[in-house]
Amino acid sequence: GKLWGLVKFDLALLKILKKFGPDICLSHGSFYLAQVSRLLGIKNITLEDTGNMEQIALYRTFTSCILSPDCYVKNHGKKHLFYKGYHELAYLHPNRFKPDEKILGELGVDKGEAFVILRFVSWDASHDINHPGLSLKNKLLAVKGFSKYARVFISSEKELPEELLHYKIPIEPNKVHDAMAFAKLFWGESATMATESAVLGVPAVYIDQTGRYYTSEIERKYGLIFNFPESEKSQKKAIDKGVEILSDATDKEKIKYRHEKMLNDKIDVSAFLVWFVENYPDTIAELKENPEIQDDFK
């Protein structure tokens, strides 16, 4: 009774799983999938890297296993395991992703021409309460400052104000990783896109007062993300940091070295997940007894 009192049920998902009949389900923190899987007796693996407790509370009891990057500092019990990587390395590791240079033509930039991608979020998620976000004034200041050194493109969850419409990135969403791979800088409010940029070897400035375990580690160990809170003073510092990166013509080799160090330390998360799922649940004991087995997936 107490267990199922936590359920936020999804009947459509229940019908899909009953029809499809999977042996294992995987999700990135979906409490709906964890709950429906448990009801149907299906093993469920949850990928967790953010630590939003209002979501974790709704899936932790129901999921079979939780997998997190090893920089994740919380521990959610016996079913919680850790891997040497970031979620974004599942799809942007060099073994998995090769950027398409044709994107430069779609952006209207020449090969070697510097450009920066800005990302503004809507702040509508459950974990976004009490986040002021970037002010319009500072968005305009950032565009003005960065435009002296690079072309500026903006990706935004919300409709852009008239003053910034000219900078809207002119590509389909599925091509954004190609564009990010050739940028000189990512700057904005998205932890995922900041990490994607770092994984692609592009420095990122991330503005969020809460921060993330993985963006903090990437700053501390690899110097590829620079984290700033959302106060007015910090927003100005984030703009200054972006200008500093864009104006530094000698930084390319340092960035390359830091990126290579990250890739040497981390694993191909997709290869690891294939092994983990195909041999599940034996892989739980294997990973606990011999964490170094992950190095087979670099």
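Residues numbered from 1 in each chain as written. Predicted model: local features only at pLDDT ≥ 70, side-chain atom pairs only at ≥ 80, totals over all residues. Heavy atoms only, no water.

(A) Seen up close, the pattern of salt bridges. Overall, the coordinates contain 13 salt bridges when judged by the stated rule. Two residues, Asp268 and Arg96, come together in a salt bridge whose shortest N-O distance is 2.9 Å. One end of the pair, Asp268, is in the loop between helix H11 (252-265) and helix H12 (269-278); the other, Arg96, is in the loop between helix H4 (89-92) and helix H5 (103-107), and 172 residues separate them in sequence. The class for Asp268 is buried, based on a relative accessible area of 2%. Of the charged contacts, one joins Lys111 and Glu101 as a salt bridge, the two residues approaching to 3.8 Å between their closest N and O atoms. (Salt bridge = Lys/Arg side-chain N within 4 Å of Asp/Glu carboxyl O. Helix = DSSP H or I, 4+ residues; strand = E, 2+ residues; numbered from the N terminus. Buried < 20%, exposed > 50% of the residue type's maximum accessible area, 1.4 Å probe, protein only.)

(B) Here's a closer look at helix H9 (residues 213-222). Restricting attention to buried positions, one finds in H9 the residues Tyr214, Thr215, Glu217, Ile218 and Tyr222. Taken around the axis of H9, the buried residues stretch over an arc of 160 degrees, which confines them to a single face. Buried residues along H9 sit in contact with helix H8 (191-199), strand E8 (204-207), strand E9 (225-228) and H11. Positive backbone phi, approximately 60 degrees, marks Gly223, located one or two places after H9. (Arc of directions from axis to C-beta. Contact = heavy atoms within 4.5 Å.)

(C) Local environment of the packing of H8 against H9. At their nearest, the axes of H8 and H9 sit 10 Å apart, and the two run at 35 degrees to each other. In the packing of H8 onto H9, the handedness of the crossing is left-handed. Within the contact between the two elements, H8 uses Ala191, Thr195 and Ala198 and H9 uses Tyr214, Thr215 and Ile218. Residue composition of the contact of H8 with H9, by class: four nonpolar, two polar and no charged. (Axes fitted to C-alpha atoms, helices over the stretch in contact; angles between N-to-C directions. Left-handed = near helix turned anticlockwise from the far one by under 90°. Nonpolar A, V, L, I, M, F, W, Y, C, P; charged D, E, K, R; others polar.)

(D) View of the pairing of strand E1 (residues 24-27). Here E1 shows a clear split, with Cys25 and Ser27 buried on one side and none of Ile24 and Leu26 buried on the other. As paired strands, E1 and strand E2 (residues 43-47) are joined by four bridges and run parallel to one another. Note that in E2 the partner of Ile24 across the bridge is Lys43. (Pairing = 2+ DSSP bridges.)

(E) Fine view of the sheet that holds E2. Strand order across the open sheet formed by four strands is E1-E2-E3-E4, with parallel pairing between neighbours. Sheet topology places E1 and strand E4 (80-83) at the edges, where each strand pairs with a single neighbour. Direction aside, the axes of adjacent strands within the sheet are offset by 25 degrees on average. The strands that helix H2 (residues 31-40) touches are E1 and E2; relative to E1, the one it contacts most, it runs at about 165 degrees.

(F) Representation of the packing of aromatic side chains. Within this structure, the stated rule accounts for eleven aromatic pairs. A centroid spacing of 4.6 Å and a plane angle of 40 degrees characterise the contact between Phe31 and Tyr32, whose relative ring orientation is tilted. Taking the relative accessible area as the measure of exposure, Phe31 reaches 12% and is therefore buried. The class for Tyr32 is partly exposed, based on a relative accessible area of 33%. An angle of 75 degrees between the planes, with centres 5.4 Å apart, marks the rings of Phe146 and Trp187 as edge-to-face. Taken together, the residues Phe146 in helix H6 (residues 136-146) and Trp187 in strand E7 (residues 185-188) connect sequence positions 41 residues apart. Residue classification places Trp187 among the buried residues on the basis of a relative accessible area of 0%. (Phe/Tyr/Trp six-rings, centres within 6.5 Å; stacked < 30°, edge-to-face > 60°.)

(G) How the structure looks around helix H1 (residues 11-20). For H1, the complete set of buried residues consists of Leu13, Leu14 and Leu17. The buried residues of H1 occupy an angular sector of 105 degrees when the element is viewed end-on, so they sit on one face. Residues of H1 that are exposed and point over 90 degrees away from its buried face: Leu11, Lys15, Ile16 and Lys19. Structurally, H1 contributes buried residues whose contacts are with E1 and H2. Phi turns positive, to about 65 degrees, at Gly21, one or two residues after H1.

(H) How the structure looks around the side chain of Asp208. Here Asp208 lies in the loop between E8 and H9. No salt bridge forms around the buried Asp208; measuring N to O, its nearest opposite-charge neighbour Arg212 is 4.2 Å away. Within the structure, Asp208 has its side chain in polar contact with the side chain of Tyr206 (distance 3.3 Å). (Lys, Arg positive; Asp, Glu negative; His and termini not counted. Polar contact = N/O pair within 3.5 Å; in protein donor to acceptor, adjacent residues only side chain to side chain.)

(I) Geometry of the sheet that holds E8. With parallel pairing, the five strands of this open sheet are ordered in space as E6-E5-E7-E8-E9. Two strands lie at the open edges of the sheet, namely strand E6 (151-156) and E9, each paired on one side alone. Each neighbouring strand pair of the sheet contributes to a mean axis angle of 20 degrees, computed without reference to strand direction. Inspection of the sheet shows strand E5 (residues 115-120) paired to E6 by six bridges, in the parallel sense. Note that in E6 the partner of Phe115 across the bridge is Arg151. Strands E5, E7, E8 and E9 of the sheet are contacted by H8, whose axis makes an angle of about 165 degrees with E8.

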